[in-house]
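Take a look at the letters that make up each chain.
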Amino acid sequence: MNKAFVREPDDTGERHCPRCGSLGLAVGPETLGAQLTPAALASISPAAFFCPFPQCEVAYFDLYERAVGVESLLRPVWPKDREAPLCACFGLTRDDIEADLAEGGVRRTKECVTRAKSSEARCKTLAASGRSCVTEVQRYYMKLRGGES
């Protein structure tokens, strides 16, 4: 077939998990090195993607559709493990947010969000996604505040 009539795929920079199809979050070697066992790190490209879908067994994948499972993580991470802290830097958990709501305040949640926005945060190495937890913490707080579970 003549290439003039073949549409090349658009490269939007978006990559989807080869297992579940979720949109991956780009991570760099600094994040991968802090999160993966040496064997897993050697099996994936230095520029990869985190699969944020909680039920998916894939933690990271690369452009060649090579995947590293959650069993290769050095520690439990949110959202793959619901018991892991939402904030890997400062340890804020679902229980902390639930306690804030039960007490009618936001002390723990607000303190974590404030610290997460500071230079103290080490999201690139401590968070599996390499990103700040602020959005996820706020989302979980608002979900509970709205009565969802």
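What counts, and at which threshold
- Residues numbered from 1 in each chain as written.
- Predicted model: local features only at pLDDT ≥ 70, side-chain atom pairs only at ≥ 80, totals over all residues.
- Heavy atoms only, no water.
- Helix = DSSP H or I, 4+ residues; strand = E, 2+ residues; numbered from the N terminus.
- Buried < 20%, exposed > 50% of the residue type's maximum accessible area, 1.4 Å probe, protein only.
- Areas by Shrake-Rupley, 256 points an atom, 1.4 Å probe, with all protein chains shown as cover.
- Pairing = 2+ DSSP bridges.
- Axes fitted to C-alpha atoms, helices over the stretch in contact; angles between N-to-C directions.
- Expected span 1.5 Å × (residues − 1).
- Arc of directions from axis to C-beta.
- Contact = heavy atoms within 4.5 Å.
- Salt bridge = Lys/Arg side-chain N within 4 Å of Asp/Glu carboxyl O.

Undergrad: Which parts of the structure should I look at to understand the overall build of the protein chain?
TA: Assigned secondary structure in the protein chain consists of six helices and four strands. In sequence order, the secondary structure elements of the protein chain are arranged as β-α-α-β-β-β-α-α-α-α. By the burial criterion, 36% of the 149 residues in the protein chain qualify as buried. With the model as given, the accessible surface of the protein chain reaches about 9100 Å², and the carbon-plus-sulfur share is 52%.

Undergrad: Would you mind showing me how to read the sheet that holds strand β2 (residues 48-50) here?
TA: Reading across the sheet, the four strands line up as β1-β2-β3-β4 and stay open at both edges, with antiparallel pairing between neighbours. Whereas interior strands pair on both sides, the edge strands pair on one side only; in this sheet they are β1 (25-27) and β4 (67-69). Strand-to-strand twist across the sheet, computed as the mean angle between neighbouring axes with direction ignored, equals 35°. Across two bridges, β2 lies against strand β3 (residues 58-61) in antiparallel orientation. Residue pairing in the sheet places F49 in a bridge with F61 of β3.

Undergrad: Explain helix α6 (residues 134-145) here, please?
TA: Each turn of an α-helix holds 3.6 residues, which means side chains three or four residues apart point in the same direction. The end-to-end C-alpha distance of α6 is 16 Å, a good match for the 16 Å that 12 residues give at a rise of 1.5 Å each. Every buried residue belonging to α6 is among V134, V137, Y140, Y141 and L144, and all of these are buried. Seen end-on, α6 carries its buried residues on one side only, within an arc spanning 140°. Residues of α6 that are buried sit in contact with α3 (94-103) and α4 (107-116).

Undergrad: Which parts of the structure should I look at to understand the pattern of salt bridges?
TA: If the charged atoms of two oppositely charged side chains come close together, the side chains can form a pair. For the structure on display, the rule yields seven salt bridges. R66 is the salt-bridge partner of D62, the closest N and O atoms lying 2.7 Å from each other. Residue classification places R66 among the partly exposed residues on the basis of a relative accessible area of 38%. Close ionic contact of D100 with R108 constitutes a salt bridge, the shortest N to O distance being 2.8 Å. In this structure, D100 and R108 share a single accessibility class: buried. In the salt-bridge network here, residues are joined through shared partners; they are D100, E103 and R108.

In short, geometric facts, not functional conclusions.
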